[in-house]
Protein chains: 4
Amino acid sequence: MKFKIGIIGATGYTGAELIKLLLNHPGVEITAVTSEQHAGKKYYEIYPSFYDRLKLKLKKTNANELAKKCDLIFLATPNDFAKHFIPQLLRKNKSIKLIDLSSDFRLAKTVNANNKKYDTAYGLPEINRKEVRTSQIIANPGCYPTSIILALAPLLRKNIIDVESIIIDSKSGVSGAGKGPKQDLHFVEINESFTPYKLGGTHRHIPEIENELSKLLTVKKKSNLKIVFSPHLLPINRGIISTIYVSLKRNKRKKSQNEITKLYKTFYKNEYFIKILPPNIYPQIKNVRNSNFCHITPLVDKRTNKLIIVSAIDNMVKGASGQAIQNMNIILSLDEKLGLDTTSNIP
Amino acid sequence: MKFKIGIIGATGYTGAELIKLLLNHPGVEITAVTSEQHAGKKYYEIYPSFYDRLKLKLKKTNANELAKKCDLIFLATPNDFAKHFIPQLLRKNKSIKLIDLSSDFRLAKTVNANNKKYDTAYGLPEINRKEVRTSQIIANPGCYPTSIILALAPLLRKNIIDVESIIIDSKSGVSGAGKGPKQDLHFVEINESFTPYKLGGTHRHIPEIENELSKLLTVKKKSNLKIVFSPHLLPINRGIISTIYVSLKRNKRKKSQNEITKLYKTFYKNEYFIKILPPNIYPQIKNVRNSNFCHITPLVDKRTNKLIIVSAIDNMVKGASGQAIQNMNIILSLDEKLGLDTTSNIP
Amino acid sequence: MKFKIGIIGATGYTGAELIKLLLNHPGVEITAVTSEQHAGKKYYEIYPSFYDRLKLKLKKTNANELAKKCDLIFLATPNDFAKHFIPQLLRKNKSIKLIDLSSDFRLAKTVNANNKKYDTAYGLPEINRKEVRTSQIIANPGCYPTSIILALAPLLRKNIIDVESIIIDSKSGVSGAGKGPKQDLHFVEINESFTPYKLGGTHRHIPEIENELSKLLTVKKKSNLKIVFSPHLLPINRGIISTIYVSLKRNKRKKSQNEITKLYKTFYKNEYFIKILPPNIYPQIKNVRNSNFCHITPLVDKRTNKLIIVSAIDNMVKGASGQAIQNMNIILSLDEKLGLDTTSNIP
Amino acid sequence: MKFKIGIIGATGYTGAELIKLLLNHPGVEITAVTSEQHAGKKYYEIYPSFYDRLKLKLKKTNANELAKKCDLIFLATPNDFAKHFIPQLLRKNKSIKLIDLSSDFRLAKTVNANNKKYDTAYGLPEINRKEVRTSQIIANPGCYPTSIILALAPLLRKNIIDVESIIIDSKSGVSGAGKGPKQDLHFVEINESFTPYKLGGTHRHIPEIENELSKLLTVKKKSNLKIVFSPHLLPINRGIISTIYVSLKRNKRKKSQNEITKLYKTFYKNEYFIKILPPNIYPQIKNVRNSNFCHITPLVDKRTNKLIIVSAIDNMVKGASGQAIQNMNIILSLDEKLGLDTTSNIP
């Protein structure tokens, strides 16, 4: 018997990616897809690639109906929707499982419904698997935070870097900005260009990143962890590269390249989706696109005593819908890799 | 028990695509990958996306070893290799199955080995499935021919078009030109440009296309089928759109759009990978990329009494490695869709 | 003394291209730029590339003010604006010269104002220079029509092709679709894809193309000239390639490649911006981008007795703003090449 | 009378850009173009965009002939050529002026020829104009160094940053890697991807950058200036964005955004090609492509007390051939802007 899955906000890019991946997942079936804007249409009218493949019609989002039809629901909705709608769903179906791809619960920890508090988990399984496994509600991480937290976790857990030194220069494909047509996202504005945006500590992902990075610290004095975070927009559809600069603590500066590589390999030794590359192979977006893998190369810059950590993910997969399905697999007690074990496409 | 599969010429783009797809195929395991140029290296040294996923080392191509290790072999090799090597493989292993992705056997029909003649089949299953099913050696079609023959087959079988009127304007992504670094394929030369090439009847796929189109005719007088074929290079990695213009025979000019759409739908009604779109949805490369589907929209241009047929495929999948695996599934008596049932990625 | 120039609709892509080109033109100065949407802003707030280069503020479009400030006005406005506004301008300034980049006057021939009829000219100088020179109002041609008419003119003037046989397969960069943000023009929807649109005789440029092609015919019987026109959208910013297929008249089929090349070279021998390439060099978008040149290669397909003519232009320059300035130079009695004599950029 | 100009290595990308720009320069004429690989061909056979525009034939590089035919020569040649060839040219023509686009003289200061020492100048006019004006031999800066030195010069001259804190994350278009066909530069390898390369202090531009940055320091203790420099390859033809992170000296941390912006504006107040943008407009590659301008936005990150400086140039223009012509204008006592005063193209 297959688990019944609903997707709210099914016509955005993360919704489409969820459906694409779920259609290839042997343990589930899609039973509901909703869209306020496109209710009444067949899904292929929005995405012809699903012609003759997903025959469901899009419906308006209705808590009653969804709560009946679904064992688990993905919310691929704009911010500020899930926080109001998840309590409604829980009232209709107390055991329904919920994975929210928005930022609504990434900082908040609990949902009030049915006269009780439901705990939520921050759904980065490689860091947080135990908490995920026991939660009914998952806050799926942001794409930038995923690429950054995975890259820094081994160093922070080992407590070997200066937490005031973290500088993160991230570059993302355009799908991360969503599907809505905006002047800045017009093909002609993006193509053959490249641009930084929201520099100087203004990006909305910063609290999420700093919060999760601080939790990784095993020492008390956490309050001074502050990152410089500079996102840039790449003229490509998918993928994030984060190039991260940190200073080793003064008494840790003798770390060799081998020690650092080994530290990362050990930290992630049981993690299927994290690949620590040798120092002569750098992460490239083409090597992770359309896959749930995260490639990481940590490098020692001997001239300057800095560490440079480069990570690559597909923002739509490991950075959104793939990770959401990874979380689904965990909370449905399925094999964590199910439906996600594909290699990036080259060309 | 899984079938054992070898890939000769594993480091080209069609080789990489075969391996990517086969790793997700539940009925087979890869037992040999060869490359003259890169023998001795691990596969991920060529394609880091396979890091920790395909651990086989690349070896030199050795008929003896391959014949022992494999039930079926894909030859993703340059033209003129298979015609010499396939007889050697057949001498070492009389029952080995062979799928050649080069053009060596697309026009030739037989292979001599072991004092007998082996028949080959032109591996376009939607047209030729019976022949494929009973053949040990498959000539996998070219990418342009696949996109063109599928688009014209219903009309030719029904004998309703003027066979001297066929004009084919095809546009292909760059992966179709292969992996070798050439001046013309330098990023800067292709990007933000678009160019026709080999116009005026000079492209090497023309005999293959004309030969297969002629076979579809159910009338005797076939000799005058000649196509105008104009390939163009798109600044994208994958995908082919063929826009095809034909004149209906003088006594068939009254065909309505509905009749033509129905003719196509009927012709392909049992074909999973062929989607006939309604006349208001045109094929687009994004809707087939990274998938084995072929989208076709046939259109009646009432002003001029011409038919316009547009088809879209991914040249690396339905136009090469995906179709090769479709052929593999058929000759190994597996479900034809196995390992190939994925939707294109959007974004 | 420099001519004073105004641009109405200055913030669209053709407006920006006009300003870019006019800033490098030694014979003119820009005295007014208007935009309903952005009135009050400085131009660089819309296009930072003009920071510290064009210091004019954008104003609302005001006939009185424009008529006083300008010797010549470009209307880079949506369709249906110029037809109402040009009479107003003529009433305020009887000698003002006007170049309309919309389609308002491409089929119409006259404007009524000041109790008289003003003739307009279809501003394709290579075909129509005399008429342009003596006109006060110029209808600047569409981008597709420019690429097509220039490619077919020599054949139609010589009356050697079957006018029912013309099939035009055009491919355009995205800037041709304008600047407004639309779902279909979102970066992610265009990038790595390619799509036909408005097939089957439905594109709004068809009457313009057929009208101008018919005028080229030197024989009476013109009424049956009907084209098949298939536009496609390329994932690039600029440029159009038109690949055109025609049949020679039955009694002209012996034309050699040399004869056809010579016919084109002779026809355009005094035209600076038209380059007839030898048959071994095909037009490519990169060779005309950011330039006012049109590259044309006519080819004889001996196998099928068809002619294939390929033309390339930059849709923003020769297909819009560059051609508008070429027309300006003519009607202001300046050197026709002024401000337009630049080579395409490679890379 | 026009100055006579020769280009050695005319068929590379910087050579083609030089010729494109020089054809539009009113003060010079091109009298010689050389290429070892393509000698004997017409220039348009390599670049059809010059068809009927540059009629010179390519010749082998001959010191005697060049010394006679040219007042000034650009060397757009691989590293290690100029250092041997420039002394030969000086022996044949003692007053010939020479601009070397390779790295041969960027660190070296003198050339020995004719029994004397010729001084060379590092040709970054905004920093070094006086030295350039009086030199016969110019070492044209590298593309990355140009983007970086211009961004940091105001801070270093004012001595307000910690020189051990400089982290430079640069992103370049592909033309910077040259024209030669390599596997890594194949369209399919670059397109839809993004990759860091030569991380950890290994890029060959580091000594040039550190040398020039150190010269800007007005204090004695310079030896500890060491940069972290991380170049990345963008899937575009042209352009560099450098995002640079520095710490203000402990006693300078109170600098406001206004003070920093003003510091930059004052420093560059007479520099036509440098535009200091307000803090709400960031440099974007599209706003400088095909232009000689450098856009810079300096930003104060108040949360972390760091400065972020973003600069954008076109690597082929301000980063190579445009700057070379700017240097030419200076040493030929022409207006420094001549032939270079064009706005970037949008779209």
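Residues numbered from 1 in each chain as written. Chains lettered and ligands numbered in written order. Predicted model: local features only at pLDDT ≥ 70, side-chain atom pairs only at ≥ 80, totals over all residues. Heavy atoms only, no water.

S.K.: Please explain the packing of helix 5 (residues 125-133) of chain D against helix 10 (residues 317-331) of chain D as it appears in this structure.
M.R.: When two helices pack together, their arrangement is given by the angle between the helix axes and by the axis-to-axis distance. All names here are of chain D. The contact between helix 5 and helix 10 brings their axes to 10 Å, and the two run at 40°. By the angle between their axes, helix 5 is oblique relative to helix 10. As for how helix 5 packs across helix 10, the hand of that crossing is right-handed. Facing P125, E126, R129, V132 and R133 of helix 5, the residues of helix 10 in contact are K318, Q323, Q326, N327, I330 and I331. Per-class residue counts for the contact of helix 5 with helix 10 are four nonpolar, three polar and four charged. (Axes fitted to C-alpha atoms, helices over the stretch in contact; angles between N-to-C directions. Helix = DSSP H or I, 4+ residues; strand = E, 2+ residues; numbered from the N terminus. Parallel < 35°, antiparallel > 145°, perpendicular 65-115°, else oblique. Left-handed = near helix turned anticlockwise from the far one by under 90°. Contact = heavy atoms within 4.5 Å. Nonpolar A, V, L, I, M, F, W, Y, C, P; charged D, E, K, R; others polar.)

S.K.: Help me understand the sheet that holds strand 12 (residues 274-276) of chain A, please; the structure alone is not making it clear to me.
M.R.: For sheets, the rule is that strands pair by backbone hydrogen bonds, running either parallel or antiparallel. Pairing within the open sheet is mixed, and its seven strands lie in the order 9-10-8-11-14-13-12 (chain A). Each end of this open sheet is capped by a strand with a single partner; those strands are strand 9 (195-196) and strand 12 of chain A. (Pairing = 2+ DSSP bridges.)

S.K.: Please explain the interface of chain D and chain A as it appears in this structure.
M.R.: Size of an interface: often given as the accessible area lost when the parts come together. Taken together, the 47 residues of chain D in the interface contact 47 residues of chain A. Summed over the three residues of chain D that lose the most area to chain A, namely E192(D), F194(D) and R303(D), the buried surface amounts to 17% of that side. A salt bridge links E210(A) to R303(D); the nearest nitrogen and oxygen atoms lie 2.4 Å apart. At the boundary of chain D and chain A, one finds 26 residue pairs in polar contact (both at pLDDT 80 or more). In terms of residues, the side of chain D that touches chain A owes the most to one element, strand 8 (residues 167-172) of chain D, which gives four residues. When the residues that make up the side of chain D that touches chain A are grouped by side-chain class, the tally is 22 nonpolar, eleven polar and 14 charged. (Buried area = accessible area lost by both parts, 1.4 Å probe. Salt bridge = Lys/Arg side-chain N within 4 Å of Asp/Glu carboxyl O. Polar contact = N/O pair within 3.5 Å; in protein donor to acceptor, adjacent residues only side chain to side chain.)

S.K.: Honestly, the relation of the copies chain D and chain A in this entry has me stumped. Any pointers?
M.R.: Each copy of the chain is related to the other by a rotation around an axis and a translation along that axis. Mapping chain D onto chain A is achieved by rotating through 180° and translating by 0.0 Å along the same axis, at an RMSD of 0.0 Å. Expressed as a symmetry operation, the mapping of one chain copy onto the other fits a two-fold axis. In this assembly the copies share their binding face: 100% of the residues contributing to the interface of chain D also contribute to that of chain A. (Least-squares fit on C-alpha atoms with pLDDT ≥ 70 in both.)

S.K.: Whenever I open this one, the interface of chain B and chain A confuses me. Can you help?
M.R.: Facing the 39 residues of chain B at the interface are 39 residues of chain A. In terms of surface lost to chain A, no three residues of chain B exceed Y51(B), T343(B) and P347(B), which account for 22% of the buried area on that side. The tally of links between chain B and chain A comes to four salt bridges. Between D52(A) and K275(B) there is a salt bridge, with the nearest N and O atoms lying 3.4 Å from each other. In this structure, the connection of chain B to chain A is made through 18 residue pairs in polar contact (both at pLDDT 80 or more). Mapped onto the side of chain B that touches chain A, the elements with two or more residues apiece are helix 1 (13-23) and strand 12 (274-276) of chain B. In terms of residue class, the side of chain B that touches chain A is made up of 17 nonpolar, twelve polar and ten charged.

S.K.: Before we go on, may I ask you to explain helix 8 (residues 206-216) of chain D in this structure?
M.R.: Along an α-helix, residues three or four positions apart point the same way, because every turn accommodates 3.6 residues. Residue and element names in this part refer to chain D. Counting buried positions over the eleven residues of helix 8 gives eight, a clear majority of the element. For helix 8, the complete set of buried residues consists of I206, E208, I209, E210, E212, L213, S214 and L216. Contact partners of the buried residues in helix 8: strand 6 (116-122), helix 5, helix 6 (143-158) and strand 10 (228-233). (Buried < 20%, exposed > 50% of the residue type's maximum accessible area, 1.4 Å probe, protein only.)

S.K.: Got a minute to help me understand the domain arrangement of chain A in this structure?
M.R.: Residue and element names in this part refer to chain A. You can read the domains of chain A as domain 1 (3-141 + 319-331) and domain 2 (143-315). The junction of domain 1 with domain 2 conceals about 1900 Å² of combined surface from both sides, 50% of it contributed by carbon and sulfur atoms. Summed over the shared surface of domain 1 and domain 2, the result is three salt bridges. Contributing elements (two or more residues each) for the side of domain 1 that touches domain 2: helix 1 (13-23), helix 5 (125-133) and helix 10 (317-331). Here the element with the most residues in the side of domain 1 that touches domain 2 is helix 10; it accounts for five residues. Class assignment for the residues of the side of domain 1 that touches domain 2 results in nine nonpolar, seven polar and six charged. (Domains from an automatic or database assignment.)

S.K.: Would you mind going over the packing of helix 1 of chain B against helix 10 (residues 317-331) of chain B with me for this structure?
M.R.: Residue and element names in this part refer to chain B. Two elements in contact, helix 1 and helix 10, have axes whose closest approach is 10 Å; the angle formed by their N-to-C orientations is 45°. The pairing of helix 1 with helix 10 is recorded here as oblique in orientation. Where helix 1 crosses over helix 10, the handedness of that crossing is right-handed. The residues of helix 10 that touch helix 1, namely those facing T14, E17, L18, L21 and L22, are V317, A320, S321, G322, A324, I325 and M328. Within the contact of helix 1 with helix 10, the residues separate by chemical class into eight nonpolar, three polar and one charged.

S.K.: What is the right way to read the sheet that holds strand 9 (residues 195-196) of chain C from this model?
M.R.: Residues and elements named next belong to chain C. Here seven strands make up an open sheet; going across it, the order is 9-10-8-11-14-13-12 and the pairing mixed. The open sheet has two edge strands with one neighbour each: strand 9 and strand 12 (274-276). Two strands pair when backbone bridges link them, and strand 13 (residues 294-301) and strand 14 (residues 306-313) are joined in this way by seven bridges, in the antiparallel orientation. Looking at strand 14, one finds that P298 is bridged to I309. Docked against the sheet, helix 9 (residues 257-267) engages strand 12, strand 13 and strand 14, running at close to 155° with respect to strand 13.

S.K.: Please clarify how the pattern of salt bridges should be interpreted in this entry.
M.R.: Throughout the structure, instances matching the rule amount to 72 salt bridges over all chains. One salt bridge in this structure joins E65(C) and K69(C), with 3.2 Å as the shortest N-O distance. Residue E65(C) and its partner K69(C) are both found in helix 3 (residues 63-69); the two are separated by four residues, about one turn of the helix. Between R129(D) and E271(D) there is a salt bridge, with the nearest N and O atoms lying 2.7 Å from each other. Within this pair, whereas R129(D) is found in helix 5, its partner E271(D) is found in the loop between helix 9 (257-267) and strand 12 (274-276), the two being separated by 142 residues in sequence. You'll find R129(D) and E271(D) in the same group, each marked buried.

S.K.: Help me out: how do you make sense of the packing of aromatic side chains in this one?
M.R.: Here a ring pair, both rings aromatic, is described through the centre-centre distance and the interplanar angle of the planes. Within this structure, the stated rule accounts for 41 aromatic pairs over all chains. A network of ring pairs unites the aromatic residues Y43(A), Y47(A) and F50(A) as a single cluster. Positioned over the ring face of Y272(B) is K275(B), at 4.9 Å from the centre of the ring. In this structure, K337(B) packs its charged tip against the face of Y272(B), placed 4.8 Å from the ring centre. (Phe/Tyr/Trp six-rings, centres within 6.5 Å; stacked < 30°, edge-to-face > 60°. Lys NZ or Arg CZ within 6 Å of the ring centre and 35° of its normal.)

S.K.: Any chance you could explain the confidence of the model for chain A here in plain terms?
M.R.: Low pLDDT marks stretches whose predicted atomic positions should not be read closely. Counting all residues, the mean pLDDT for chain A is 96, and 99% of those residues have values of 70 or more. Across the predicted assembly, pTM comes out at 0.98 and ipTM at 0.97. (pLDDT = per-residue confidence, 0-100.)

S.K.: Explanation requested: unusual backbone geometry in the structure shown.
M.R.: Peptide bonds are trans in most cases, and residues, glycine excluded, mostly fall at negative phi. Here I346(A) and P347(A) are connected by a cis peptide whose omega angle stands at 0°. In this structure, P347(A) sits in the segment after helix 10. One non-glycine residue with positive phi stands out, namely N290(D), at about 60°. With respect to the helices and strands, the residue N290(D) is situated in the loop between strand 12 and strand 13 (294-301). Note on N290(D): relative accessible area 11%, which makes it buried.

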